[in-house]
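Per-entry structural report
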Number of protein chains: 4
Amino acid sequence: MMIEIDFDSEVPIYTQLVCQIKKGIALGSLAPGEPLPSVRNLASDIGINLHTVNKAYKQLVGEGVVIQVKKGYEIAKKTPPDISEAYLKVMMQQIDNLVVDAMVFDLDILDLLKKSKTKLEGEMPRD
Amino acid sequence: MMIEIDFDSEVPIYTQLVCQIKKGIALGSLAPGEPLPSVRNLASDIGINLHTVNKAYKQLVGEGVVIQVKKGYEIAKKTPPDISEAYLKVMMQQIDNLVVDAMVFDLDILDLLKKSKTKLEGEMPRD
Amino acid sequence: MMIEIDFDSEVPIYTQLVCQIKKGIALGSLAPGEPLPSVRNLASDIGINLHTVNKAYKQLVGEGVVIQVKKGYEIAKKTPPDISEAYLKVMMQQIDNLVVDAMVFDLDILDLLKKSKTKLEGEMPRD
Amino acid sequence: MMIEIDFDSEVPIYTQLVCQIKKGIALGSLAPGEPLPSVRNLASDIGINLHTVNKAYKQLVGEGVVIQVKKGYEIAKKTPPDISEAYLKVMMQQIDNLVVDAMVFDLDILDLLKKSKTKLEGEMPRD
DNA sequence: GTGGTCTAGACCACT
DNA sequence: GTGGTCTAGACCACT
């Protein structure tokens, strides 16, 4: 599992971490039940503070995609987890904004989306 | 042009303003060349600080959808404006994250997107 | 609103804070919509770190009894808020343990509970 | 005597052990004077570290519900045992918090308590 | 002045 | 070795 953090990004590090781990889950490189690296290990690997990793893990637990067990954190077994109403609302808001942006800049949002999907599938590991 | 601000939202007010104005442009209620309300007027109309309006206008100028002229700000005439590489990169990042979220939560992103488009078109004023 | 923290207790400070604020809500000394002290003010008042206050506030938000608005945190207007299934499960577990303890030590749990209620009502401010 | 441990619970294993054994005492499946399984046996039965069992037993001794004898540990003969002031204080604190939570979430604490009692009595073995 | 993010580092509980 | 709690302090975004 490769984690890539852009330290110059305006997106908080813990948010980037959350996205990267969900990407791992979506692509199947992180399997249900698989343990996540320990908070301290991942922090020192990436070169960030352990609190930052912890915040990301806690958020993933809140979203239901990661669970906390005695020995640490692991990918939730239930897939897909229930999505909260609040989270879905935020997603819809983001989609609305993207649609508006696409109209303003005359971009084909459906096309961009399909490209994104294709790119992601290309990163999927073969069995 | 109706501007709706949610003061309790976690989304910064200036960001909401930017989105609302772009929505006006996308829907055609703000035409190319049309002047925007003065910073002071809009600020007192909405009941926010004038720095907040200014920040929103400046961002819209940076995105190329608004231009600053002698007497104030107006919607750029060229439609669609050129999208900056940086902004496109941000958009693609958002799309990637949405696609991943949709995979993780087993949502049909294409369907959500089409619903958003239909909703938006429904808000479009008739000629 | 008086906040009392026992620094020698094994109960984490942020948990004590959560309980104290909920007590304030239950007793009516914290009214719906009322703003909470700022994270930094409360922290310096009590003499603890601002992160500790923040953690307590975040938990209260998660429980739905506090909401976060632009200018800070305030008591949620909707009372009572919906209780989450997970939280209710924890409560039932605690009750079960209390019932067992009462049986083992031959205490009248109903009586203890009524005393607690009476004591609490005694602390309620009169109109 | 059945011991059920939830290894994924956030409740420490030794705490769960303490509760389970007190439940056995309350229900009468563990009689006064009855020997407890040896630390090593119970640990290997449950599949946990023997330090964990030891910690649970020591806590039960501290609470006066278990005594340590030459050949090991056994249920105290005197029933009910004296409850320590410290322990009673902790119990009252828990009750206070439950009462507050019930007020905040508009739950009928007396009803919940009665349900818990009924459930427990239902688990009681018949003579 | 409000909260958010992040760091560096300490001590503790659980197993 | 795992996460939890807490501190002290810094810089930043929003208004």
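Residues numbered from 1 in each chain as written. Chains lettered and ligands numbered in written order. Predicted model: local features only at pLDDT ≥ 70, side-chain atom pairs only at ≥ 80, totals over all residues. Heavy atoms only, no water.

Looking up chain A in an unreviewed UniProt entry gives the name GntR family transcriptional regulator, with the organism given as Candidatus Vagococcus giribetii.

UniProt's feature table lists "domain: HTH gntR-type" (unreviewed entry) at residues 11–78 of chain A, given in the numbering used throughout. As annotated, residues 11–78 of chain A comprises 54% helix and 12% strand, and the C-alpha atoms at either end are separated by 29 Å. (UniProt positions renumbered as here; feature names shortened; annotations may be inferred. Helix = DSSP H or I, 4+ residues; strand = E, 2+ residues; numbered from the N terminus.)

Below, the discussion takes up the pairing of strand β2 (residues 72–75) of chain A. The sheet contact formed by strand β1 (residues 66–69) of chain A and β2(A) spans four bridges and is antiparallel. Pairing of Gln68(A) across the sheet is with Tyr73(A), part of β2(A). (Pairing = 2+ DSSP bridges.)

With an RMSD of 0.4 Å, chain C superimposes on chain D once it is rotated by 178° and translated 0.0 Å along the axis. Look at the turn and shift together and you get a two-fold axis relating the two. Most of the interface of chain C is mirrored in chain D, where 100% of its interface residues are also at the interface. (Least-squares fit on C-alpha atoms with pLDDT ≥ 70 in both. Contact = heavy atoms within 4.5 Å.)

Residue and element names in this part refer to chain D. Applying the stated criterion to the full structure yields 27 salt bridges over all chains. The partner of Glu 74 in a salt bridge is Lys 77, with the nearest N and O atoms 3.7 Å apart. Classification of Glu 74 by relative accessible area gives buried; the value is 8%. (Salt bridge = Lys/Arg side-chain N within 4 Å of Asp/Glu carboxyl O. Buried < 20%, exposed > 50% of the residue type's maximum accessible area, 1.4 Å probe, protein only.)

All names here are of chain B. Along the chain, Tyr 57 turns up in helix α3 (residues 50–63). A residue is classified by how much of its surface remains accessible, and Tyr 57, at 0% relative accessible area, is buried. Separated by 54 residues in sequence, Tyr 57 and Ile 3 place their C-alpha atoms 14 Å apart. Setting aside its immediate chain neighbours within four residues, Tyr 57 contacts Ile 21, Leu 36, Pro 37, Val 39, Leu 42 and Tyr 73. A polar contact is formed between the side chain of Tyr 57 and the backbone oxygen of Pro 37, at a distance of 2.9 Å. (Polar contact = N/O pair within 3.5 Å; in protein donor to acceptor, adjacent residues only side chain to side chain.)

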